[in-house]
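Below are the chains, spelled out letter by letter.
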Amino acid sequence: SGLLLATTGLPAGASGSEIDVDDALGLVKSTTAQLLGEVQAEKDVNAARAFDLVAKHIDPVVDLERSARWILGKHWRKATPDQRKRFVEEFRKMLIRTYAIAVAENPNVDIEYLPVKRTKRPHEAIVETRIPQPTSPPIAIDYRLHGDDKGWKLFDVTIEGVSLVRTYRSSFSPRVRKNGLDALIEDMAEK
């Protein structure tokens, strides 16, 4: 449940080469702290309220379209603008619902932040976190972000070495090939 971020932009006029990866870390830390703070202040948060709180904090900082493009791959290029819009919205709901459950169940989670890593791709960074566990090794949750002169945006989360984007891509691609993109979107909407 550490996937939560707040808007931290770059200084006005900053170019891509001047992007500070520490701003990516600040984004993850501040959003997580704000979200968990609100959940803790309200105490017994139900699922609907948790969904609203997660949406409030996640929507501004997650690049859903980029995630959707990576998940659908070649199917994205073939999709109509309406299919793309509907897929992004259903993916958004699914993502928020998943995190809302985690946040509602674990509002007092401790998070250890490790130094930010640059990736091989320009303007990308990985914020690594660890969630300590009382009787087992910490859970590794890493956030992949991309930055530009508008700030940092999250587009993938890796939990214990498993990428959310890759997992959905391997799950969704055969379904789209077999039944089409509209059927996948309808399945997502029903869930």
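See above for the structure.
Computed from a prediction, not measured in an experiment: that's the story for all the values here.

Topic: the overall build of the protein chain
If you tally the helices and strands in the protein chain, you get seven helices and six strands. N-terminal to C-terminal, the α/β element order of the protein chain is α-α-α-α-α-β-β-β-β-β-β-α-α. In terms of principal-axis extent, the alpha carbons of the protein chain reach across some 45 × 40 × 30 Å. Considering the protein chain as a whole, with its 191 residues, one finds that 47% of them fall into the buried category. Relative to all contacts within the protein chain whose residues are 6 or more apart in sequence, the contacts with residues 24 or more apart total 55%. Put simply, the protein chain shows about 10200 Å² of open surface, and 51% of that area lies on carbon and sulfur atoms.

Brief notes about a positive patch on the surface
On the surface, Lys74, Arg77, Lys78, Arg169 and Arg177 cluster together into a positively charged patch. Breaking the positive patch down by element, the ones donating at least two residues are α4 (74–78) and α6 (164–179). The class of Arg169 is partly exposed, set by a relative accessible area of 40%.

Some remarks on the pattern of salt bridges
In the structure shown here, the tally under the stated rule is 13 salt bridges. The partner of Glu128 in a salt bridge is Lys117, and the shortest N-O contact between them spans 3.1 Å. Taken as a pair, Glu128 in strand β3 (residues 124–131) and Lys117 in strand β2 (residues 117–118) lie far apart in primary sequence, eleven residues in all. With a closest N to O distance of 2.9 Å, Asp142 and Arg130 form a salt bridge. Highlighted residues: Asp142 in strand β4 (residues 139–148) and Arg130 in strand β3, separated in sequence by twelve residues. Taken as a pair, Asp142 and Arg130 share a single burial class, namely buried. One salt-bridge network, in which partners are shared between bridges, spans Asp59, Glu89 and Arg92.

Remarks on unusual backbone geometry
For His123, which is not glycine, the phi torsion reads 70 degrees and is therefore positive. The residue His123 is located in the loop between β2 and β3 in this model. One non-glycine residue, Glu160, adopts positive backbone phi at about 50 degrees. For Glu160, the position within the fold is in the loop between β5 (151–159) and β6 (162–163).

Details of helix α2 (residues 47–58)
The end-to-end C-alpha distance of α2 is 16 Å, a good match for the 16 Å that twelve residues give at a rise of 1.5 Å each. Against the buried residues of α2 lie α1 (21–42) and α5 (81–105). The residue sitting at the N-terminus of α2 and contributing the capping side-chain oxygen is Asn46; that oxygen lies 3.2 Å from the backbone nitrogen of Ala48.

About the criteria used
- Residues numbered from 1 in each chain as written.
- Predicted model: local features only at pLDDT ≥ 70, side-chain atom pairs only at ≥ 80, totals over all residues.
- Heavy atoms only, no water.
- Helix = DSSP H or I, 4+ residues; strand = E, 2+ residues; numbered from the N terminus.
- Buried < 20%, exposed > 50% of the residue type's maximum accessible area, 1.4 Å probe, protein only.
- Contact = heavy atoms within 4.5 Å.
- Areas by Shrake-Rupley, 256 points an atom, 1.4 Å probe, with all protein chains shown as cover.
- Patch = residues over 30% accessible without salt bridge, like charges linked within 9 Å, V, L, I, M, F, W, Y side chains within 5 Å.
- Salt bridge = Lys/Arg side-chain N within 4 Å of Asp/Glu carboxyl O.
- Lys, Arg positive; Asp, Glu negative; His and termini not counted.
- Charge placed at Lys NZ, Arg CZ, Asp CG, Glu CD.
- Expected span 1.5 Å × (residues − 1).
- Polar contact = N/O pair within 3.5 Å; in protein donor to acceptor, adjacent residues only side chain to side chain.

Functional significance is not addressed by these values, which are geometric in nature.
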